[in-house]
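Listed below are the residues making up each chain.
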Amino acid sequence: MVENGLENWEAQIRKGWLDVAILATLWKGRLYGLEILRELEGRSDLVIAEGTVYPVLSRLRKEGLIEGEWEESVSGHPRRYYRLTAAGKARARALARHSHEFLSKMDALIQPLLKEQTR
Amino acid sequence: MSDEIQVRRAQIDIYLAALRKQLGGLPAEDVEEILRELRGHIAERAEGALQGSGTPVERILRELGAPEHIAALYRADSLVAHARAGFSPVLIVRTTLRWANRTAVGFAAFLAGLVGYAVGASMIVCAILKPFFPANVGLWIGSHHLLLGAEIPRPQGPDLLGWWIIPYGLGVGTAFLLGTTVFLRWMLRFAPRASRRVAAAA
């Protein structure tokens with residue numbers, strides 16, 4: 001029961017943060033799907049099924065936050081490279097500010113619980 | 001070796017065919033782009049792009065997730081788009097309400113919509129009530145203005161419509177409801193993207 005609740009909570013958290021995380025991976029320049037996935041896997045715990053990232057990319061593109069362009073890899077496979085639009089950059093910056101503030105407060109709030117545990 | 005390649009290709013084709021089937025409701029060009037992108041993903045992982053060595057196809061497909069799961073995620077976004085283009089007054093009013101919180105134009109559109117729906121609904125209510133309260137429901141010439149509705153006591157002066165209030169009420173009332181919906185949908189094209197999406201998803 002507790003485990004189940006934890007899993008649900010984690011699934012919700014992942015879903016909520018995926019947008020921010022994807023926009024953040026594109027901050028420094030364009031990447032294609034697999035590169036975004038590798039970034040997320042290396043630097044976050046957000047991706048469970050790789051296939052969940054592509055629908056999010058599709059939605060962000062329809063919202064005008066990112067744009068995609070097709071290119072062929074050297075081995076001939078199609079890649080869709082994504083980059084932030086001007087609106088996407090503004091959104092990413094706003095989300096980053098909110099996230100930072102939110103996480104700092106949350107962290108301060110849960111600190112006592114973590115100390116309790118180690119005792 | 002070539003057998004192995006064929007088996008791999010068959011696995012990928014089966015997976016993508018299942019996904020294509022599940023994506024049925026989406027526009028054809030969206031489906032092609034989705035499949036093209038995922039085919040590229042599978043091919044590159046199989047060749048070991050970005051990780052050194054190739055990954056078995058079974059594992060790539062497993063890590064992508066079930067076709068119906070991915071398709072459901074794509075379709076969820078498409079439903080949002082459908083809702084925006086839809087004719088549900090509830091959705092449209094909700095969307096306009098979000099917009100009304102942001103700008104004066106949005107607020108004006110919301111007010112106009114509210115009045116339009118209220119007038120339309122009250123005409124239909126009058127038509128429905130007429131058979132039950134024939135004396136008290138009608139359209140009268142008041143001292144300064146026209147009076148429409150259920151009045152107790154019955155106002156002085158002639159009832160202009162009599163029983164005709166039923167067909168007129170239903171017809172004009174429905175026209176008001178439809179007209180208001182069309183008007184709001186048209187107005188919503190001027191709303192910022194974000195509020196359209198948020199409300200549609202709600």
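Fair warning: this is a prediction, and the values are worked out from it, not measured in the lab.

Regarding its fold elements, chain B presents eight helices and two strands. Relative to its full complement of 202 residues, chain B shows a buried share of 25%. Excluding contacts between residues fewer than 6 apart, the proportion of contacts in chain B whose partners are at least 24 apart in sequence is 59%.

What follows deals with the overall build of chain A. In terms of regular secondary structure, chain A is built from four helices and three strands. With 119 residues in all, chain A has 24% of them scored as buried. Contacts spanning at least 24 positions in sequence make up 48% of the contacts within chain A whose residues lie at least 6 apart.

A word on the sheet that holds strand β1 (residues 31-32) of chain A. Residues and elements named next belong to chain A. If you walk across this open sheet you meet the three strands as β1-β3-β2, and the pairing is antiparallel. Strands at the two margins of the open sheet, each flanked by one partner only, are β1 and β2 (66-72). Pairing between β2 and strand β3 (residues 78-84): seven bridges, direction antiparallel. Among the inter-strand pairings, Trp70 is bridged to a residue of β3, identified as Arg80.

This part is about the interface of chain A and chain B. Interface size is commonly expressed as the accessible surface area that is lost when the partners come together. Contacts between the two partners involve 21 residues from chain A, matched on the other side by 21 residues from chain B. Counting only elements with at least two residues in the side of chain A that touches chain B, the list comes to α2 (33-43), α3 (53-62) and β3 of chain A. Ranked by residue count, the leading element in the side of chain A that touches chain B is α3 of chain A, at five residues. Taken together, the residues of the side of chain A that touches chain B sort by class into five nonpolar, eight polar and eight charged.

Here we take up the environment of Gly120 of chain B. Residues and elements named next belong to chain B. Within the secondary structure, Gly120 sits in helix α6 (residues 104-129). For Gly120, a count of 22 C-beta atoms within 10 Å translates into the label buried. Here Gly120 is in contact with Gly173, Phe176, Leu177 and Thr180, once residues within four sequence places are set aside.

All names here are of chain B. Along its 20 residues, helix α2 (residues 28-47) runs 29 Å from first to last C-alpha, staying within 8% of the 28 Å computed at 1.5 Å per residue. Taken residue by residue, α2 has Ile34, Glu37, Leu38, Gly40, His41, Ile42, Glu44 and Arg45 as its buried positions. Following α2 by one or two positions, Gly48 adopts a phi angle in the positive range, close to 90°.

Glancing now at the packing of α2 of chain A against α3 of chain A. Residue and element names in this part refer to chain A. Relative to each other, α2 and α3 sit at 115°, their axes nearing to 11 Å. The angle between the axes of α2 and α3 places the two elements in the roughly perpendicular class. The element α2 and its partner α3 pack so that their crossing is right-handed. Here Gly33, Ile36 and Leu37 of α2 come into contact with α3, specifically with Val53, Tyr54 and Leu57. Grouping the amino acids of the contact of α2 with α3 by side-chain chemistry returns five nonpolar, one polar and no charged.

Before going further, it helps to examine α2 of chain A. Residue and element names in this part refer to chain A. Turning to α2, its buried residues are Gly33, Leu34, Ile36 and Leu37. One side of α2 holds all its buried residues, which, seen down the axis, span an arc of 160°. For α2, the exposed residues lying more than 90 degrees away from the buried face are Gly42 and Arg43.

Moving on, we come to the pairing of β3 of chain A. All names here are of chain A. The pairing of β1 with β3 spans two bridges and is antiparallel. Its bridge partner being in β3, Tyr32 is matched across the sheet by Tyr81. Between β2 and β3, which pair antiparallel one after the other, the connecting turn spans five residues, and Gly76 there sits at a positive phi close to 95°.

Now for the confidence of the model for chain B. All names here are of chain B. Looking at chain B as a whole, the pLDDT averages 81, with 84% of positions reaching at least 70. Predicted confidence for residues 197-202 stays below pLDDT 50, and this span has 13 contacts to residues more than four positions away or in other chains. For this predicted complex, the interface score ipTM comes out at 0.86, alongside a pTM of 0.61.

The predicted model of chain A has a mean per-residue pLDDT of 89, with 94% of residues at 70 or higher. Considering each helix and strand of chain A separately, the mean pLDDT is smallest for helix α1 (residues 2-25) of chain A, with a value of 84, and largest for β1 of chain A, with 96.

Further remarks concern the environment of Phe190 of chain B. Tracing the sequence through the fold places Phe190 of chain B in the loop between α7 (165-188) and α8 (193-201). Separated by 84 residues in sequence, Phe190 of chain B and Gly106 of chain B have C-alpha atoms that sit 8.9 Å apart.

The subject of this paragraph is the environment of Trp140 of chain B. Residue position: Trp140 of chain B is located in strand β1 (residues 137-141). When residues no more than four places from it in sequence are discounted, the contact partners of Trp140 of chain B are Leu147, Pro155, Gly157, Asp159 and Leu160 of chain B.

Thresholds, definitions, all that
- Residues numbered from 1 in each chain as written.
- Chains lettered and ligands numbered in written order.
- Predicted model: local features only at pLDDT ≥ 70, side-chain atom pairs only at ≥ 80, totals over all residues.
- Helix = DSSP H or I, 4+ residues; strand = E, 2+ residues; numbered from the N terminus.
- Buried ≥ 20, exposed ≤ 12 C-beta atoms within 10 Å, placed from the backbone.
- Contact = placed C-beta atoms within 7 Å.
- Pairing = 2+ DSSP bridges.
- Nonpolar A, V, L, I, M, F, W, Y, C, P; charged D, E, K, R; others polar.
- Expected span 1.5 Å × (residues − 1).
- Axes fitted to C-alpha atoms, helices over the stretch in contact; angles between N-to-C directions.
- Parallel < 35°, antiparallel > 145°, perpendicular 65-115°, else oblique.
- Left-handed = near helix turned anticlockwise from the far one by under 90°.
- Arc of directions from axis to C-beta.
- pLDDT = per-residue confidence, 0-100.

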